[in-house]
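Understanding the architecture of this molecule
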Amino acid sequence: MLLFFAFLISITLLGSVTIGSLSIRVYATIAMMLYILYHRFDKKQEYIPVSHNLLKTYILFIVFMGFAQLLNGELLEYQFFKKLLAYHLVAIVAFLSIERHVNTYLDLKRTIVLLTAIMLFNNITTILQYVGNDVGWSIGMLFGDIHDNADFSSTHESLLGYSRTPGIFGNVVNNAFAIAVFGPLPLCLLNGRSNLFTKACVFSSFITALVACFMTQQRAAFYLFLACFVVYLFVAIRRNALLIVVIGICVLFVRDLDFGDFDAGRLASAADDARSGLYKHAFAFIADHPILGGPISFQRITGLSSHNVALDSWIFAGFLGFVTMMVLCFNTMRRGLDIFVRGLIVEGQNRYMIFCATAVINAMVYGFTHNTSYLTGNVIIFIVLALMLKTSNIDTK
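Only a predicted model underlies this, so the values are computations on that prediction, with no experimental measurement involved.

Calculation rules
- Residues numbered from 1 in each chain as written.
- Predicted model: local features only at pLDDT ≥ 70, side-chain atom pairs only at ≥ 80, totals over all residues.
- Heavy atoms only, no water.
- Helix = DSSP H or I, 4+ residues; strand = E, 2+ residues; numbered from the N terminus.
- Buried < 20%, exposed > 50% of the residue type's maximum accessible area, 1.4 Å probe, protein only.
- Contact = heavy atoms within 4.5 Å.
- Core = buried A, V, L, I, M, F, W, Y, C linked by side-chain atoms within 4.5 Å.
- 1 Å grid on protein atoms, 1.4 Å probe; cavity = no way out; pocket = protein on both sides within 12 Å on 5 of 7 lines; lining within 4 Å.
- Points joined across faces, edges and corners; volume = space filled by probe spheres on them.
- Phe/Tyr/Trp six-rings, centres within 6.5 Å; stacked < 30°, edge-to-face > 60°.
- Lys NZ or Arg CZ within 6 Å of the ring centre and 35° of its normal.
- Salt bridge = Lys/Arg side-chain N within 4 Å of Asp/Glu carboxyl O.
- Expected span 1.5 Å × (residues − 1).
- Patch = residues over 30% accessible without salt bridge, like charges linked within 9 Å, V, L, I, M, F, W, Y side chains within 5 Å.
- Areas by Shrake-Rupley, 256 points an atom, 1.4 Å probe, with all protein chains shown as cover.
- pLDDT = per-residue confidence, 0-100.

**Examining the overall build of the protein chain**
- Along the protein chain, the regular secondary structure elements total 16 helices and two strands.
- When each of the 397 residues of the protein chain is scored for burial, the buried share is 51%.
- Long-range pairs, those at least 24 residues apart, make up 74% of the contacts in the protein chain with a sequence separation of at least 6.

Written out as structure tokens, the structure is:
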């Protein structure tokens, strides 16, 4: 397990730390891939397998994306093979590594504890960056792909409307995504037998995540995180469902509530013109390039991706890539909802199933509002996906 934990730390924390021309994350991925291949034929090492259907669909999407970019002439300019090595391969190996190493309740618990510790570190770093503390920025520069904080505002007034706190993940979008997706995982550890220390650690992680998520000023991430809290309330005080309804109504009308001097900043606005403009450009571009798409051509027009996994998959991988990605997202959501309901009803409130599934659902929803999704090969998606699938095979009671 020590090798597995070292691998998890490498792929989550050390993606921007390079040795030569490659990052430590890539070296760790290659080492883990060789380890998995070596032990694939070792019949003495038993493990609980999970379904590879989603992973196979993802690999098929990568093939269609490479094929489309080869035909539209953007394969090399897009740096397809570099991204294949740095992102997609890492994601695939992360999934297979969890399948290989997480086989008992204790393995699952230790893995979630490790991810909770990583996120607590990130949450504190984000808060320090928000208040302009140099330590927070030094940590961000060490682990993220940022060079200095000259381009980042460091006062509450300027950050409130448009925060740029990257945490340890290089940029604010990835940071908010990590908080929204990893955020529910500590709640797996709470049950009727949890001691006071465990409860204190879990709630510390959860509260700092909520504060850090607010400080990123990313709307989708923040409201997805609030949804996790509502899910927890339902699980913890299921009989008092009326309270949850009241909280939901308050969230819906948060912009109409008077908090005195408190300002929710960017979180209080429903949308922005920039995103709707990206959607319009994306639809127009797809109409002109319906078969093969063209990510470089599109970004020459807008300077950004469309911030929507459905539109982006068509632009980046053509029509076949779009169809494959939609099948992948649909099946992932269906699997996540199935495990969520099973954990909530059939398995008698199995919190590992409930909150790992919540993490996966958050990741899928986030992809339809931002450019962090299956398309970019974000390793966090594959970590929580593999953990979710494992919860349906491991006795966590």
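**As for unusual backbone geometry**
- Of note, the phi angle at Gln79 is positive, near 60°, even though the residue is not glycine.
- Relative to the helices and strands, Gln79 resides in the loop between helix H3 (53-72) and helix H4 (80-101).
- Looking at Gln79, the relative accessible area reads 41%, which means it is partly exposed.
- For Gln217, which is not a glycine, the phi torsion comes out positive at approximately 60°.
- Here Gln217 lies in the loop between helix H9 (196-216) and helix H10 (219-236).
- Its relative accessible area of 1% is what places Gln217 among the buried residues.

**Comments concerning the nonpolar core**
- Counting residues in hydrophobic clusters, the biggest one holds 110 residues, and the most contacted among them are Tyr374 and Ile383.
- With 12 residues, helix H14 (residues 309-346) is the single largest residue contributor to this core.
- Residue contacts for Ile383: discarding those within four places in its chain leaves Leu8, Ile11, Thr12, Ala94, Ile98, Leu115 and Phe182.

**What to know about empty space enclosed by the protein**
- Scanning the model with the defined rule gives one cavity of 30 Å³ or more in all.
- The calculated volume of the largest cavity comes to roughly 40 Å³.
- Along the walls of the largest cavity sit Met119, Asn123, Phe182, Gly183, Pro186, Ser205, Phe206 and Ala209, which together make up its complete lining.

**Examining the packing of aromatic side chains**
- Enumeration over the complete set of coordinates arrives at 15 aromatic pairs.
- Pairing Tyr374 with Phe382 gives two aromatic rings, centres 5.5 Å apart and planes at 70°, and the pair type is edge-to-face.
- Overall, the relative accessible area of 1% leaves Phe382 in the buried class.
- Directly above the aromatic system of Tyr78 lies the positively charged group of Lys83, at a separation of 3.8 Å from the ring centroid.

**Some points on the pattern of salt bridges**
- A full pass over the atoms with the stated rule returns two salt bridges.
- The closest approach of N and O atoms between Glu77 and Arg300, which form a salt bridge, is 2.7 Å. In this pair, Glu77 sits in the loop between H3 and H4 while Arg300 sits in helix H13 (residues 295-302), placing the two residues 223 residues apart along the sequence.
- Its salt-bridge partner being Arg335, residue Asp338 comes within 3.3 Å of it at the nearest N-O pair. You can see Asp338 and its partner Arg335 sitting in helix H14, three residues apart, about one turn around the helix.

**Details of helix H1 (residues 2-13)**
- Taking 1.5 Å of rise per residue, 12 residues should cover 16 Å, and H1 covers 16 Å from first to last C-alpha, within 8% of that figure.
- For H1, the complete set of buried residues consists of Phe4, Phe5, Phe7, Leu8, Ser10, Ile11, Thr12 and Leu13.
- For H1, the elements touching its buried residues are helix H2 (24-39), H4, helix H5 (105-130), helix H6 (134-143) and helix H16 (379-391).

**Observations concerning a nonpolar patch on the surface**
- On the surface, a nonpolar cluster with roughly 310 Å² of combined accessible area is contributed by Phe319, Leu320, Val323 and Val327.
- Topologically, Val323 is positioned in helix H14.

**Examining H5**
- Look at H5: 37 Å from first C-alpha to last across 26 residues, which is about the 38 Å you get at 1.5 Å a residue.
- Positive backbone phi, at 85°, marks Gly132, one or two positions downstream of H5.

**A few points about the confidence of the model for the protein chain**
- Overall, the prediction assigns the protein chain a mean pLDDT of 83, with 83% of residues at 70 or greater.
- Across the protein chain, H3 holds the top mean pLDDT of 95, while helix H7 (residues 156-161) sits lowest at 41.
- For the stretch residues 150-162, pLDDT sits under 50, and the model shows 26 contacts to residues farther than four places along the chain or on other chains.
- Confidence over residues 257-261 falls short of pLDDT 50; this stretch has two contacts with residues more than four positions distant or in other chains.

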